[in-house]
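Examining the three-dimensional arrangement
Spelled out, the chains give:
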Amino acid sequence: MKKTLYLIRHGLTDWNVQQKMQGHTNIPLNDIGRSQAQALQFFFNQNTVEKVFSSDLDRAFQTAQIATGAKDILKMEGLREVRLGDIEGQTEHEILAKYGQEAWLQWISLEPHANYAFPGGETHTESLQRFTHNLRHILTNYEFKNAAVCTHGLMIRRLGHHLCPDRQDLLPIPNCGVFKLHWTDQKLHFQGMIFDPSK
């Protein structure tokens, strides 16, 4: 059976504005983030879903609540952002000063062989295995044709480039962007961004 997942990046937070790495740190939406999530209501009025899943971090769960209006959203820890360890709460400038450019370039790399983590964080492989395991759990254990999954930017980017390894340009991940994922023949297929509330 063919199924569709709409992957949503959460709305804006104060740490997004301050360009701080969030990871598993539980930062809520700010006022702009809540407005972005409200803009998503138009999308879900046009694209109905039978199930809604969310990362258990507040910024994702709040986005899912506002965007879909669903009352029975299933929170899943496995849908969290990449765990960033010691760099959570730091800016790019602070990370470069502490760890150097080589470490930074390894961490942001989207090459198929990339597998770096800062101390206490998840590697590329660990984060992708955790996330895809949870997506497959959703797709094989719940009955629906269309479902929404509210999650996080780096996780969506890593998944997109993992499923589309020939893609050369950096996948844009705006706050409250919606990305389409197909499940056919027991395989995940990444279609890319289909809705940007800022446009």
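Nothing here was measured: the structure is a model prediction, and the numbers come from that model.

**Re the nonpolar core**
Nonpolar side chains in soluble globular proteins tend to be buried together. Counting residues in each nonpolar core, the largest one holds 34 residues, and the members touching the most others are L5, W107 and L135. Elements with a contribution of two residues or more to this core: β1 (3-9), α5 (101-108), α6 (124-141), β4 (146-151), α7 (153-163), β5 (178-184) and β6 (187-195). Element by element, the count of residues in this core is highest for α6, at 5 residues. Ranked by size, the runner-up nonpolar core spans 17 residues in total, among them F44, V52, F61 and C150.

**Quick word on the environment of N115**
Within the secondary structure, N115 is located in the loop between α5 and α6. As for N115 and S127, which are separated by 12 residues in sequence, their C-alpha atoms are 9.7 Å apart. Among the polar contacts made by the side chain of N115, one reaches the side chain of T123 at a distance of 3.0 Å.

**Re unusual backbone geometry**
Only a minority of non-glycine residues have a phi that is not negative, and only a minority of peptide bonds are not trans. At C176, a position not held by glycine, the phi torsion is positive, near 70°. With respect to the element layout, C176 can be found in the loop between α7 and β5. Take C176: its relative accessible area is 0%, and that puts it in the buried class. The phi torsion at Q186 lies on the positive side, around 65°, for a residue other than glycine. As for its placement among the helices and strands, Q186 is situated in the loop between β5 and β6.

**Some thoughts on the pattern of salt bridges**
Throughout the structure, instances matching the rule amount to 4 salt bridges. Across the pair D31 and R34 runs a salt bridge whose closest N-O atoms are separated by 2.4 Å. Residue D31 and its partner R34 are both found in helix α2 (residues 31-46); the two are separated by 3 residues, about one turn of the helix. Among the salt bridges present, the one from E122 reaches R130, with a minimum N-O distance of 2.6 Å. Here E122 and R130 have matching classes, each one buried.

**Side note on the environment of D185**
Within the element layout of this structure, D185 appears in the loop between β5 and β6. Under the relative-accessibility criterion, D185 is labelled exposed at 71%.

Parameters and conventions
Residues numbered from 1 in each chain as written. Predicted model: local features only at pLDDT ≥ 70, side-chain atom pairs only at ≥ 80, totals over all residues. Heavy atoms only, no water. Core = buried A, V, L, I, M, F, W, Y, C linked by side-chain atoms within 4.5 Å. Buried < 20%, exposed > 50% of the residue type's maximum accessible area, 1.4 Å probe, protein only. Helix = DSSP H or I, 4+ residues; strand = E, 2+ residues; numbered from the N terminus. Polar contact = N/O pair within 3.5 Å; in protein donor to acceptor, adjacent residues only side chain to side chain. Salt bridge = Lys/Arg side-chain N within 4 Å of Asp/Glu carboxyl O.

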